[in-house]
Amino acid sequence: GGEMRLENFSIKSGDETSYADGGDTILDGPNTGNDAASGSQGFYGFRPETEIIKSRTNKSLYIDLEQTFIKRLLVCVAGRYEDYSDFGSTLNGKLSLRYEPVTDFVLRTSASTGFRAPTLAQSYHSHIQSTFISGVPYSLGIFPVNHPVSQALGATELKPESSLNFNIGAAIQIRKKIFISVDYFIIDIRDRIALTPNLTNTILPEFDSIFDSNKIQGSRYFFNGMDTYTQGVDFNFNAEFDINKKGKLNILASATINE
(Lines give C-alpha, C1' and ligand atoms only; values in the text may rest on other atoms or scores of the structure.)
Protein backbone atom coordinates (compact mmCIF):
# COMPACT_ATOMS: atom_id res chain seq x y z
CA GLY A 1 0.00 0.00 0.00
CA GLY A 2 0.86 3.65 -0.07
CA GLU A 3 -0.18 6.90 1.52
CA MET A 4 0.34 10.61 0.98
CA ARG A 5 -0.66 13.09 3.66
CA LEU A 6 -0.73 16.89 3.82
CA GLU A 7 -0.68 18.41 7.30
CA ASN A 8 -1.53 22.03 8.10
CA PHE A 9 -1.17 24.05 11.29
CA SER A 10 -2.18 27.68 11.81
CA ILE A 11 -2.67 30.22 14.58
CA LYS A 12 -4.75 33.36 14.14
CA SER A 13 -4.70 36.30 16.55
CA GLY A 14 -7.59 36.71 18.94
CA ASP A 15 -9.59 39.71 20.04
CA GLU A 16 -7.24 42.54 21.03
CA THR A 17 -8.77 42.86 24.50
CA SER A 18 -7.81 39.24 25.24
CA TYR A 19 -4.09 40.06 25.15
CA ALA A 20 -3.75 43.88 25.35
CA ASP A 21 -1.95 45.61 28.20
CA GLY A 22 -4.04 48.55 29.40
CA GLY A 23 -1.17 50.01 31.43
CA ASP A 24 -3.01 49.84 34.75
CA THR A 25 -1.28 49.41 38.10
CA ILE A 26 -2.42 47.54 41.20
CA LEU A 27 -4.10 49.98 43.60
CA ASP A 28 -3.84 48.19 46.95
CA GLY A 29 -2.54 45.14 48.74
CA PRO A 30 1.00 43.73 48.88
CA ASN A 31 1.57 44.39 45.15
CA THR A 32 0.48 48.03 45.20
CA GLY A 33 2.11 49.99 42.38
CA ASN A 34 3.07 46.93 40.32
CA ASP A 35 1.79 46.48 36.79
CA ALA A 36 -1.57 44.74 36.66
CA ALA A 37 -1.88 41.53 34.66
CA SER A 38 -2.81 42.15 31.05
CA GLY A 39 -5.25 40.33 28.81
CA SER A 40 -7.80 37.72 29.75
CA GLN A 41 -7.24 35.51 32.77
CA GLY A 42 -5.91 31.97 32.49
CA PHE A 43 -5.36 31.66 28.77
CA TYR A 44 -4.44 34.93 27.08
CA GLY A 45 -5.62 35.54 23.54
CA PHE A 46 -3.23 34.83 20.68
CA ARG A 47 -1.19 37.93 19.82
CA PRO A 48 -0.54 39.04 16.23
CA GLU A 49 3.14 38.04 16.54
CA THR A 50 2.09 34.43 17.22
CA GLU A 51 0.22 34.12 13.93
CA ILE A 52 1.64 31.36 11.78
CA ILE A 53 0.75 29.04 8.92
CA LYS A 54 2.83 25.89 8.44
CA SER A 55 2.36 22.74 6.39
CA ARG A 56 4.26 19.60 5.47
CA THR A 57 3.84 16.47 3.39
CA ASN A 58 4.40 12.85 4.29
CA LYS A 59 4.70 10.04 1.75
CA SER A 60 4.87 6.38 2.72
CA LEU A 61 5.00 2.91 1.20
CA TYR A 62 4.30 -0.26 3.18
CA ILE A 63 4.15 -4.00 2.64
CA ASP A 64 2.99 -6.96 4.73
CA LEU A 65 3.84 -10.56 3.85
CA GLU A 66 2.54 -13.71 5.57
CA GLN A 67 3.49 -17.31 4.90
CA THR A 68 3.11 -20.68 6.61
CA PHE A 69 6.55 -22.26 6.23
CA ILE A 70 5.89 -25.44 8.20
CA LYS A 71 2.67 -26.85 9.53
CA ARG A 72 1.13 -24.59 12.17
CA LEU A 73 3.91 -21.92 12.02
CA LEU A 74 2.91 -18.58 10.50
CA VAL A 75 5.66 -16.03 9.75
CA CYS A 76 4.77 -12.36 9.11
CA VAL A 77 7.17 -9.72 7.83
CA ALA A 78 6.17 -6.06 7.40
CA GLY A 79 8.01 -2.92 6.37
CA ARG A 80 7.16 0.77 6.07
CA TYR A 81 9.12 3.56 4.38
CA GLU A 82 8.20 7.15 5.20
CA ASP A 83 9.48 10.45 3.87
CA TYR A 84 8.66 13.73 5.67
CA SER A 85 9.28 17.05 3.92
CA ASP A 86 10.72 18.47 7.15
CA PHE A 87 12.31 15.47 8.94
CA GLY A 88 13.60 13.28 6.14
CA SER A 89 12.98 9.58 5.58
CA THR A 90 12.86 6.48 7.75
CA LEU A 91 12.48 2.74 7.27
CA ASN A 92 10.84 0.56 9.92
CA GLY A 93 9.98 -3.10 10.08
CA LYS A 94 8.19 -5.82 11.99
CA LEU A 95 8.69 -9.57 12.35
CA SER A 96 6.08 -11.76 14.01
CA LEU A 97 5.65 -15.50 14.55
CA ARG A 98 2.54 -17.49 15.41
CA TYR A 99 2.81 -21.18 16.32
CA GLU A 100 -0.09 -23.52 17.10
CA PRO A 101 1.43 -26.71 18.56
CA VAL A 102 -2.02 -28.18 19.23
CA THR A 103 -5.50 -27.13 18.18
CA ASP A 104 -6.84 -24.04 20.00
CA PHE A 105 -3.51 -23.24 21.71
CA VAL A 106 -1.28 -20.54 20.20
CA LEU A 107 2.16 -19.15 21.01
CA ARG A 108 3.03 -15.79 19.47
CA THR A 109 5.78 -13.19 19.46
CA SER A 110 6.73 -10.07 17.53
CA ALA A 111 9.43 -7.41 17.35
CA SER A 112 9.27 -4.07 15.56
CA THR A 113 10.80 -0.62 15.24
CA GLY A 114 8.86 2.64 15.32
CA PHE A 115 9.19 6.30 14.35
CA ARG A 116 7.23 9.45 15.21
CA ALA A 117 8.05 12.87 13.85
CA PRO A 118 7.24 15.89 16.06
CA THR A 119 3.77 17.23 15.32
CA LEU A 120 3.49 20.65 13.71
CA ALA A 121 1.96 21.92 16.95
CA GLN A 122 4.98 20.74 18.95
CA SER A 123 7.25 22.49 16.46
CA TYR A 124 5.36 25.80 16.05
CA HIS A 125 2.74 26.33 18.77
CA SER A 126 3.05 29.60 20.70
CA HIS A 127 0.92 31.15 23.41
CA ILE A 128 1.02 32.82 26.83
CA GLN A 129 -0.99 31.62 29.80
CA SER A 130 -1.44 32.61 33.43
CA THR A 131 -0.72 29.94 36.00
CA PHE A 132 -0.18 29.72 39.75
CA ILE A 133 3.08 28.31 41.14
CA SER A 134 3.08 27.88 44.93
CA GLY A 135 0.15 30.29 45.06
CA VAL A 136 1.91 33.02 43.07
CA PRO A 137 0.53 34.00 39.61
CA TYR A 138 2.95 33.84 36.69
CA SER A 139 2.60 34.76 33.03
CA LEU A 140 4.24 31.82 31.24
CA GLY A 141 4.97 31.48 27.56
CA ILE A 142 5.06 28.24 25.61
CA PHE A 143 7.19 29.00 22.57
CA PRO A 144 8.63 27.00 19.66
CA VAL A 145 12.30 26.07 19.77
CA ASN A 146 13.25 28.82 17.29
CA HIS A 147 11.75 31.59 19.44
CA PRO A 148 14.34 33.98 20.98
CA VAL A 149 13.22 33.09 24.53
CA SER A 150 13.52 29.35 23.88
CA GLN A 151 16.87 29.82 22.18
CA ALA A 152 18.19 31.82 25.15
CA LEU A 153 17.06 29.03 27.49
CA GLY A 154 18.96 26.42 25.46
CA ALA A 155 16.34 24.99 23.08
CA THR A 156 17.57 22.93 20.12
CA GLU A 157 15.83 21.62 17.02
CA LEU A 158 13.41 18.78 17.72
CA LYS A 159 14.31 15.27 16.59
CA PRO A 160 11.90 12.45 15.76
CA GLU A 161 11.16 9.82 18.38
CA SER A 162 12.24 6.25 17.67
CA SER A 163 11.15 3.04 19.38
CA LEU A 164 11.76 -0.68 19.74
CA ASN A 165 8.84 -2.94 20.60
CA PHE A 166 8.73 -6.60 21.63
CA ASN A 167 6.04 -8.93 22.88
CA ILE A 168 5.56 -12.62 23.55
CA GLY A 169 2.44 -14.41 24.68
CA ALA A 170 0.02 -17.30 24.50
CA ALA A 171 -3.69 -17.79 23.87
CA ILE A 172 -5.97 -20.76 24.47
CA GLN A 173 -9.58 -21.50 23.58
CA ILE A 174 -11.44 -24.07 25.69
CA ARG A 175 -14.46 -25.87 24.25
CA LYS A 176 -15.11 -22.92 21.92
CA LYS A 177 -16.63 -21.11 24.91
CA ILE A 178 -13.68 -19.78 26.91
CA PHE A 179 -10.81 -17.69 25.54
CA ILE A 180 -7.74 -16.73 27.62
CA SER A 181 -4.66 -14.78 26.52
CA VAL A 182 -1.55 -13.54 28.31
CA ASP A 183 1.09 -11.29 26.72
CA TYR A 184 4.32 -9.77 27.98
CA PHE A 185 5.48 -6.59 26.22
CA ILE A 186 8.39 -4.14 26.12
CA ILE A 187 8.29 -0.61 24.65
CA ASP A 188 11.59 1.27 24.45
CA ILE A 189 11.25 4.89 23.23
CA ARG A 190 14.23 7.15 22.48
CA ASP A 191 14.21 10.97 22.35
CA ARG A 192 10.64 11.20 23.63
CA ILE A 193 9.21 14.69 23.23
CA ALA A 194 8.01 16.53 26.33
CA LEU A 195 7.55 20.04 27.71
CA THR A 196 10.26 21.47 29.94
CA PRO A 197 9.39 22.35 33.53
CA ASN A 198 8.33 25.93 34.25
CA LEU A 199 11.47 28.01 33.73
CA THR A 200 10.70 31.21 35.66
CA ASN A 201 12.57 34.38 36.58
CA THR A 202 12.55 33.17 40.19
CA ILE A 203 14.75 30.14 39.50
CA LEU A 204 16.55 31.72 36.51
CA PRO A 205 17.01 35.40 37.42
CA GLU A 206 19.74 35.77 34.79
CA PHE A 207 17.03 35.57 32.08
CA ASP A 208 14.84 38.22 33.69
CA SER A 209 15.58 40.81 30.96
CA ILE A 210 14.49 38.60 28.06
CA PHE A 211 11.39 37.57 30.01
CA ASP A 212 10.55 41.25 30.60
CA SER A 213 11.02 42.13 26.94
CA ASN A 214 8.41 39.50 26.07
CA LYS A 215 6.09 40.56 28.92
CA ILE A 216 6.30 37.20 30.68
CA GLN A 217 7.78 35.83 33.90
CA GLY A 218 8.83 32.45 32.59
CA SER A 219 8.62 30.05 29.70
CA ARG A 220 8.50 26.42 28.51
CA TYR A 221 9.29 24.70 25.24
CA PHE A 222 9.13 21.22 23.72
CA PHE A 223 12.34 19.21 23.74
CA ASN A 224 13.58 15.65 23.29
CA GLY A 225 13.54 15.24 27.01
CA MET A 226 13.77 11.58 27.89
CA ASP A 227 14.20 7.94 27.00
CA THR A 228 11.44 5.70 28.41
CA TYR A 229 11.38 1.96 28.96
CA THR A 230 8.02 0.33 29.62
CA GLN A 231 7.31 -3.32 30.30
CA GLY A 232 4.16 -5.07 31.35
CA VAL A 233 1.69 -7.93 31.06
CA ASP A 234 -1.75 -7.98 29.40
CA PHE A 235 -4.35 -10.54 30.51
CA ASN A 236 -7.71 -11.14 28.79
CA PHE A 237 -10.53 -13.55 29.66
CA ASN A 238 -13.71 -14.05 27.64
CA ALA A 239 -16.32 -16.72 28.40
CA GLU A 240 -19.81 -17.47 27.13
CA PHE A 241 -22.30 -19.72 28.92
CA ASP A 242 -25.78 -20.91 28.03
CA ILE A 243 -28.41 -20.40 30.75
CA ASN A 244 -31.44 -22.73 30.75
CA LYS A 245 -31.33 -22.75 26.95
CA LYS A 246 -33.07 -19.38 27.03
CA GLY A 247 -30.23 -16.98 27.37
CA LYS A 248 -26.48 -16.45 27.38
CA LEU A 249 -24.08 -15.08 29.94
CA ASN A 250 -20.92 -13.34 28.70
CA ILE A 251 -18.08 -12.72 31.14
CA LEU A 252 -15.29 -10.37 30.10
CA ALA A 253 -12.24 -9.56 32.23
CA SER A 254 -8.97 -7.85 31.42
CA ALA A 255 -5.99 -6.53 33.33
CA THR A 256 -2.73 -4.76 32.50
CA ILE A 257 0.31 -4.39 34.75
CA ASN A 258 2.76 -1.67 33.66
CA GLU A 259 6.17 -0.64 34.92
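Quick look at the structure, then. (Residues numbered from 1 in each chain as written. Predicted model: local features only at pLDDT ≥ 70, side-chain atom pairs only at ≥ 80, totals over all residues. Heavy atoms only, no water.)

**Describing the sheet that holds strand β11 (residues 218-220)**
With respect to topology, four strands assemble into an open sheet ordered β6-β7-β11-β10, the strand pairing being mixed. The open sheet is flanked by β6 (127-133) and β10 (199-200), the only strands paired with a single partner. In the sheet, strand β7 (residues 136-142) pairs with β11 via three bridges, with the strands oriented parallel. Directly across from Ile 142, in β11, lies its bridge partner Arg 220. (Pairing = 2+ DSSP bridges. Helix = DSSP H or I, 4+ residues; strand = E, 2+ residues; numbered from the N terminus.)

**Quick notes on the pattern of salt bridges**
By the definition in use, this model includes 17 salt bridges. Glu 100 is the partner of Arg 98 in a salt bridge, and the nearest nitrogen-oxygen pair spans 3.8 Å. Each of Glu 3, Arg 5, Glu 7, Arg 56, Arg 80, Glu 82 and Asp 86 takes part in salt bridges that share partners, so that together they form one network. (Salt bridge = Lys/Arg side-chain N within 4 Å of Asp/Glu carboxyl O.)

**With respect to the side chain of Thr 228**
Examined against the element boundaries, Thr 228 turns out to sit in strand β12 (residues 222-243). When its relative accessible area of 16% is taken as the criterion, Thr 228 is described as buried. In this structure the side chain of Thr 228 is engaged in a polar contact, spanning 3.1 Å, whose partner is the side chain of Arg 192. (Buried < 20%, exposed > 50% of the residue type's maximum accessible area, 1.4 Å probe, protein only. Polar contact = N/O pair within 3.5 Å; in protein donor to acceptor, adjacent residues only side chain to side chain.)

**Some remarks on the sheet that holds strand β9 (residues 178-195)**
Spatially, nine strands are ordered β1-β2-β3-β4-β5-β8-β9-β12-β13 in an open sheet, and the strand pairing comes out antiparallel. Each edge of the open sheet carries a strand with a single partner, namely β1 (2-11) and β13 (247-258). Averaged over all adjacent pairs, the angle separating strand axes in this sheet is 15°, with direction ignored. (Axes fitted to C-alpha atoms, helices over the stretch in contact; angles between N-to-C directions.)

Fair warning: the whole summary comes from geometry, so function is off the table for now.
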